[in-house]
Amino acid sequence: METETFQQILDTKKLRVPGFSANQPHMWKDVDGSWRGWLYEVSKSLAGDLGAELEIVETTWGNSIIELQQNRLDLILGTTPTPERLMVMDVSSGMYKTRLAVTARPGLAVETWEDLNKPEIKISCDVGTVHEHMARRLCPNAEIIALKSVEEAALAVRSRRADAHCIFWTSSRRSTLNDPGIGETIVPKPIFFSSSNIGMRRERDKTWRDFMNGWIDYARGAGIIQVAYLNAMQSIGIDPQEALQGIEF
């Protein structure tokens, strides 16, 4: 019988989390090979509270759920719940909520989602994500261009193949900060949110999920998640006060 995750961590004294090498400000590998980002800092705090060594398993968002199911990972921090994901894994309570935004090309007037819900408007997004799901739901009359990655979807706006990129506020703001010519970060009204949670392997014993739900409450109350997140924002040039326009803890 396979050992359940919580007991396995206690036995091995290791906490295995995914490492996303180029996912600023969430998690990235620096030029010296060290890991940075709020996901990394929160993982360190969690490992310390478990009395475990933190083990980073370098992977991609696309492969992380498979690796979780194959017991190569113990959790996935920063998971956005979707009906599809909820069918294959357990998901914790939320760590924070982030606003759905668009990166709008220069000159595109956007105040509401209806401003984008027009046949002549082209909206890019990365395929199979919450971004694509929300773009299709909120703007059924627009032309949706689903591409393989966030980077490709952003490039579509830069090259003017798309008028707007549907993405969460943090990623949009990072794009417009790094490349002001791409356009403007806008949060259309009405405002929609998505929560950032922790994904875990589905098990009959819910001890690991219950522990993580309790730990998230503790970490939010102690400011561990908020401080790590705002520090990561500041490290890439986003003022913490500005970041609070797009995030709710």
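Provided above is the structure to which this section pertains.
Here the structure is a predicted model, which is why all the values come from computation and not from measurement.

Asker: How should the overall build of the protein be read in this particular structure?
Answerer: For the protein, the helix and strand inventory stands at 10 helices and 14 strands. Projected onto the principal axes, the alpha-carbon positions of the protein cover approximately 60 × 35 × 30 Å. For the protein, buried positions account for 51% of its 249 residues. Averaging the coordinates of the 28 positive side-chain charges in the protein and doing the same for the 33 negative ones gives two points 2 Å apart.

Asker: Where do I start with the pairing of strand E8 (residues 96-104) in this structure?
Answerer: Across a regular strand the side chains alternate sides, sitting on one face of the sheet and then on the other. The buried fraction of E8 is high, at seven of nine residues. As judged from the four bridges shared by E8 and strand E13 (residues 193-201), these two strands associate in the antiparallel manner. For Thr-98, the partnering residue across the bridge sits in E13 and is Ser-194. Pairing analysis gives two bridges linking E8 to strand E14 (residues 247-248), with the strands arranged antiparallel. Pairing of Thr-98 across the sheet is with Ile-247, part of E14. With five bridges connecting them, E8 and strand E11 (residues 164-168) associate as antiparallel partners. Counterpart to Leu-100 in the pairing with E11 is Phe-168. In this sheet, strand E12 (residues 184-186) lies alongside E8 in antiparallel orientation, the contact comprising three bridges. Across the sheet, Thr-103 pairs through a bridge with Thr-185, a residue of E12.

Asker: I keep staring at helix H1 (residues 5-12) and nothing clicks. Help me out?
Answerer: One full turn of an α-helix is made of 3.6 residues, so residues set three or four places apart face in the same direction. Within the span of H1, buried status applies to Thr-5, Gln-8 and Ile-9. What you see down the axis of H1 is that its buried residues fit within an arc of 100°, all on one side. Looking at the packing, one finds that the buried side of H1 touches strand E1 (14-19), helix H2 (38-50), E13 and helix H8 (207-221). Following H1 by one or two positions, Lys-13 has its phi on the positive side, about 60°.

Asker: Is there a simple way to think about the nonpolar core in this case?
Answerer: For soluble globular proteins, nonpolar side chains are generally found buried alongside one another. Counting residues in each nonpolar core, the largest one holds 40 residues, and the members touching the most others are Leu-15, Trp-38, Leu-75, Ile-198, Trp-208 and Met-212. Looking at this core, the elements that each hand over two or more residues are E1, strand E3 (27-29), H2, E8, E13, H8 and helix H9 (224-235). For Trp-208, the contacting residues outside a window of four places in its chain are Thr-5, Phe-6, Ile-9, Leu-15, Leu-50, Asp-74, Leu-75, Met-200 and Glu-203. Within the second largest apolar cluster, 21 residues are counted, among which are Trp-113, Leu-138, Ala-164 and Phe-168.

Asker: Just to check I follow, could you spell out the pattern of salt bridges for this structure?
Answerer: Once the charged atoms of two side chains with opposite charge are near each other, the side chains can pair. One pass over the structure, following the stated rule, counts 13 salt bridges. We note a salt bridge from Lys-14 to Glu-55, for which the minimum N-O separation is 3.6 Å. Note that Lys-14 is positioned in strand E1 and Glu-55 in strand E5 (residues 53-58), a separation of 41 residues in sequence. Overall, the relative accessible area of 34% leaves Lys-14 in the partly exposed class. Ionic pairing is found between Asp-163 and Arg-105, a salt bridge with its closest N-O pair at 2.7 Å.

Asker: Help me out: how do you make sense of the pairing of E13 in this one?
Answerer: The element E13 is largely enclosed, with a buried count of seven among its nine residues. In the sheet, strand E6 (residues 76-79) pairs with E13 via three bridges, with the strands oriented antiparallel. Counted as the bridge partner of Ile-76 is Gly-199 from E13. Here strand E7 (residues 89-91) runs beside E13; their pairing, made up of three bridges, is antiparallel. Each residue of the ladder has a partner; that of Met-89, found in E13, is Arg-201.

Asker: Help me understand H9 in this model?
Answerer: Between the first and last C-alpha of H9 there are 17 Å, a value that for 12 residues agrees with the 16 Å anticipated at 1.5 Å per step. Where H9 is concerned, the buried positions are Ile-224, Ile-225, Ala-228, Tyr-229, Leu-230, Ala-232 and Met-233. In the core, the buried residues of H9 are packed alongside H2, E8, helix H7 (169-178), H8, helix H10 (240-243) and E14. Two residues or fewer after H9 comes Gly-237, characterised by a positive phi angle close to 95°.

Cut-offs and rules
- Residues numbered from 1 in each chain as written.
- Predicted model: local features only at pLDDT ≥ 70, side-chain atom pairs only at ≥ 80, totals over all residues.
- Heavy atoms only, no water.
- Helix = DSSP H or I, 4+ residues; strand = E, 2+ residues; numbered from the N terminus.
- Buried < 20%, exposed > 50% of the residue type's maximum accessible area, 1.4 Å probe, protein only.
- Lys, Arg positive; Asp, Glu negative; His and termini not counted.
- Charge placed at Lys NZ, Arg CZ, Asp CG, Glu CD.
- Pairing = 2+ DSSP bridges.
- Arc of directions from axis to C-beta.
- Contact = heavy atoms within 4.5 Å.
- Core = buried A, V, L, I, M, F, W, Y, C linked by side-chain atoms within 4.5 Å.
- Salt bridge = Lys/Arg side-chain N within 4 Å of Asp/Glu carboxyl O.
- Expected span 1.5 Å × (residues − 1).

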